[in-house]
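Results of the structural survey
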Amino acid sequence: HTKVSSETMWNTETTNAISRKKIQLNRERRGLLLVYTSVAPKLGMAKVTHVDFPPREMVSYTKETQTPVLTQPKEGETHITVFCTSTKAPPELQFTPPHELTEEEKLQILHTEEFVNFFDHSSRIIERALSERVDLFFDYSGRDLEEKEGEIQAGAKLSLNRLFMDEHWSKHRVVTCLDWSLQYPELLVASYNNNEEAPHEPDGVALVWNLKYKKATPEYVFHCQSAVMSAAFAKFHPNVVVGGTYSGQIVLWDNRSNKRTPVQRTPLSAAAHTHPVYCVNVVGTQNAHNLISISTDGKMCSWSLDMLSQPQDSIELVFKQSKAVAVTSMSFPLGDVNNFVVGSEDGSVYMSCRHGSKAGISEMFEGHHGPITGINCHTAGGPLDFSHLFVTSSFDWTVKLWSTKNNKPLYSFEDNSDYVYDVMWSPIHPALFACVDGVGHLDLWNLNNDTEVPTASVTVDGNPALNRVRWSHSGKEIAVGDSDGRVRVYDVGEQTAVPRSDEWTRFVRTLAEINENRDDAEEQAAQRLAA
Amino acid sequence: MEEYNHGEEVLFNPDEATAPIKECIEGVIGGADYNQNKVNQWTASIVEHCLTNFVKQGRAFKYIVNCTIMQKSGAGLHTANSCFWDSTTDGSCTVRWENRTMYCVVCVFAVAVA
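Please read all numbers here as calculations on a predicted model, not as lab measurements.

The rules behind each value
- Residues numbered from 1 in each chain as written.
- Chains lettered and ligands numbered in written order.
- Predicted model: local features only at pLDDT ≥ 70, side-chain atom pairs only at ≥ 80, totals over all residues.
- Heavy atoms only, no water.
- Pairing = 2+ DSSP bridges.
- Helix = DSSP H or I, 4+ residues; strand = E, 2+ residues; numbered from the N terminus.
- Axes fitted to C-alpha atoms, helices over the stretch in contact; angles between N-to-C directions.
- Contact = heavy atoms within 4.5 Å.
- Buried < 20%, exposed > 50% of the residue type's maximum accessible area, 1.4 Å probe, protein only.

Let us look at the sheet that holds strand β30 (residues 466-471) of chain A. Residues and elements named next belong to chain A. Strand order in the open sheet formed by four strands is β3-β32-β31-β30, and the pairing between neighbours is antiparallel. Each end of this open sheet is capped by a strand with a single partner; those strands are β3 (158-164) and β30. Ignoring strand direction, the axes of neighbouring strands in this sheet form an average angle of 25 degrees. Note: strand β31 (residues 477-482) against strand β32 (residues 487-492), five bridges, orientation antiparallel. When the bridges of β32 are listed, Ile478 appears paired with Tyr490.

Let's shift gears to the sheet that holds strand β4 (residues 91-98) of chain B. Sheet strands associate in pairs through backbone hydrogen bonding, adopting either a parallel or an antiparallel arrangement. Residues and elements named next belong to chain B. Reading across from one edge, β1-β5-β4 is the order of the three strands in this open sheet, with antiparallel pairing throughout. For this open sheet the edge positions go to β1 (61-71) and β4, each flanked by a neighbour on one side alone. On average, each strand axis in the sheet is inclined to that of its neighbour by 10 degrees, with strand direction left out of account. Those strands touched by helix α1 (residues 14-29) are β1, β4 and β5 (102-112), and its axis lies near 35 degrees from that of β4. Running at roughly 155 degrees to β1, helix α2 (residues 39-56) makes contact with β1 and β5 of the sheet.

Before going further, it helps to spend a moment on unusual backbone geometry. Residues and elements named next belong to chain A. A positive phi is found at His172, a non-glycine position, where the angle reads about 65 degrees. Within the secondary structure, His172 is located in the loop between β3 and β4 (175-180). One non-glycine residue, Trp397, adopts positive backbone phi at about 70 degrees. Judged by its relative accessible area of 41%, Trp397 falls in the partly exposed class.

Dropping the structure here:
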């Protein structure tokens, strides 16, 4: 082995010697004076290569409160002045050439706060502009429309308007809650639980989507360390989004700060919640409102949005002094800040109130055979008041209509063939509500038309389980969230969504019919038993 | 000693280098989950394969290959490196790769010979 290498070495040496000799001979032959300059290699510092894997935030329960830490600007931070040709140069052209920025200076500028703010603001605007697809050739005279077949959906009851999905933030996550903004009707917040495929990503994500622009990315991305089970826009603070998480912590995001992490959090201790918070809601008026949160161990806390370090008030929701109620959903009737209804895992609905001597649960309504997934009080304002009505959806494949004056359901809607995951009344139409189930069906029920079958129904491609349904405040759009991280917004046709003036009186009659039928059925059942 | 191809450009191209390194990582730990018993074998084989890959190109470079495998456990990892060399001919290439259970970072430094 060594023999071979020494041979080859010798060969190399010889060839080198021979070539040197050749050069010398060439020189002599041409008689040129070749100045043999040896170029020493020019050495310099290379750019630093970084490898960064950020740590994952861990959930840990402590007895201390978490106050936001203000960072002080570092002493003696160098100011970067960018030199450029002075515009006030005298006409004799005192031309100072622009200072060429070094790589480090460029990087420093990219990290300053002003640049980051500017970049965030401008990129948002440009993204919107790039996503718009305006039809320049639209002919208002309608001549073009004759050639197009069946593209006009003027009569359609439910048509898909938008599909919101983000590859990075919403894929492989389940949509846990939806809420529309009161001040900006085009904004919709969707909360997501954890992504099992990416354990290093934050567990809880809330995205604010914008319906107005065709941009396919979320308007705002918020995340936190624990899966977000419920989210809501703070009704009286347009910049604030509240989230209730799996760890029991309630987090507050603010879109005025440039942070994606919460600006305020409640403590993880026994004073607040230690079980998942499935319901958060801001109730009250502009000047007197509270954030109400209920966790699955039956604890209800009311908070002030300015101070989340401790609850203003807390009650344990127990039924008959013994059983704590595992609350899965809650709803406040229109205009009421004291009385509310909650649905629980044991399939019963409980009526409760926040203040007064009888604070806590007052009544139990039995009827469902499975955990209640959604509950919603009637909110459509109009000439007649139906605020005593509420609907519930459950794992027992049914949606039931109740009245707070009656502890048995008024009616049961049995059209579904899978778990019904959510139900919501239309905010403008008194007899219309929507429900979603686990096989991709979105159903609209108009009780004035038919109580046996839905008035309109649409099945989502791929039949994913639809987790949440939310009407927009205008009552003309419905947002549906599924178990694959997709949020679909459907337009509801005018005929279906907008109530006519006689809908309220018709609904009174519908209710009367429902009550009559139920009483008859009960009588017949009683007669059969007696006979 | 091998003969170097003096005819070729003596310049290290980091962009071209990322592809073979990535293939090499995929080949060794592609579908696997972090396994403490095998991780030493993995780092050794990634380093060997990358190195032989580059040496096979037959260019006049000295190579240094560094491989880091870190289990995804919630901790943060931060490293940095810098060099003092002839930036016209020498170069380095860092490839980051991850799967559900671990991170892998491979750095290759190439220093031109004379």
